[in-house]
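Below, each chain spelled out in residue letters.
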Amino acid sequence: LKVVPIQQGSNFLAIYSNGVGLAFTDQQVSVLSQLASHIVWLDLKRTAITDQSVPALLKFQNLEELNVQHTKLSKKSIETLKGKIAKVKYFGVKGV
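In this report, the structure presented in the accompanying data block is examined. Residue positions are counted from 1 within each chain, in the order its sequence is given. Totals for whole chains, interfaces and linings use all residues, but because this is a predicted model, local features are given only for residues with pLDDT of at least 70 and pairs of side-chain atoms are given and counted only at 80 or more. Calculation of side-chain values draws on the structure's entire complement of heavy atoms; hydrogens and water are dropped beforehand.

### Quick look at the sheet that holds strand β5 (residues 90–92)
Heads up, the condition is: A pair of strands is considered paired only if DSSP assigns at least 2 bridges between the two. In this text, helices come from DSSP runs of H or I with a minimum length of four residues, and strands from runs of E with a minimum of two, each type numbered from the N-terminal end. In this analysis, axes come from line fits to C-alpha atoms, helices being fitted only over the stretch in contact, and the angle between any two N-to-C directions falls in the range 0 to 180 degrees.
On the basis of which strands lie adjacent, the open sheet formed by five strands has the order β1-β2-β3-β4-β5 and mixed pairing. Strands at the two margins of the open sheet, each flanked by one partner only, are β1 (2–5) and β5. Geometrically, the sheet is characterised by an average inter-axis angle of 15° between neighbouring strands, direction not taken into account. Bridge count between strand β2 (residues 13–16) and strand β3 (residues 39–43): four bridges; the pairing is parallel.

What follows is the structure, given as structure tokens:
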């Protein structure tokens, strides 16, 4: 997992799932949601997250980019996230 500040001196973060793959699960999303107000970019592509992550993901109300490509999220969950996280400008869903 790679955590990067959006810009120097900023409290906002970008989180990238580079290299963690299927080891990153719903449980890790729940833990990560404790920092939800600071995370604006969240890349969870090719992780093992499922529909059980949706309640935790809904806490990320400052997200501008969310990538859940090639995860186990259902289309219904994707639509829920799209409808309830208002600031998202990019929503990666290929392969879901």
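### Describing the pairing of β2
Bridge count between β1 and β2: four bridges; the pairing is antiparallel. By the bridge assignment, lysine 2 is partnered in β2 with tyrosine 16.

### Things to note about the pairing of β3
Just so we agree on the cut-off: Accessibility here uses a 1.4 Å probe with only protein chains present; expressed as a share of the type maximum, an area under 20% marks a residue as buried, one over 50% as exposed, and anything in between as partly exposed.
When you tally the buried positions in β3, you get four out of five residues, the bulk of the element. Relative to strand β4 (residues 65–67), β3 runs parallel, the two sharing three bridges. Pairing of tryptophan 41 across the sheet is with glutamate 65, part of β4.

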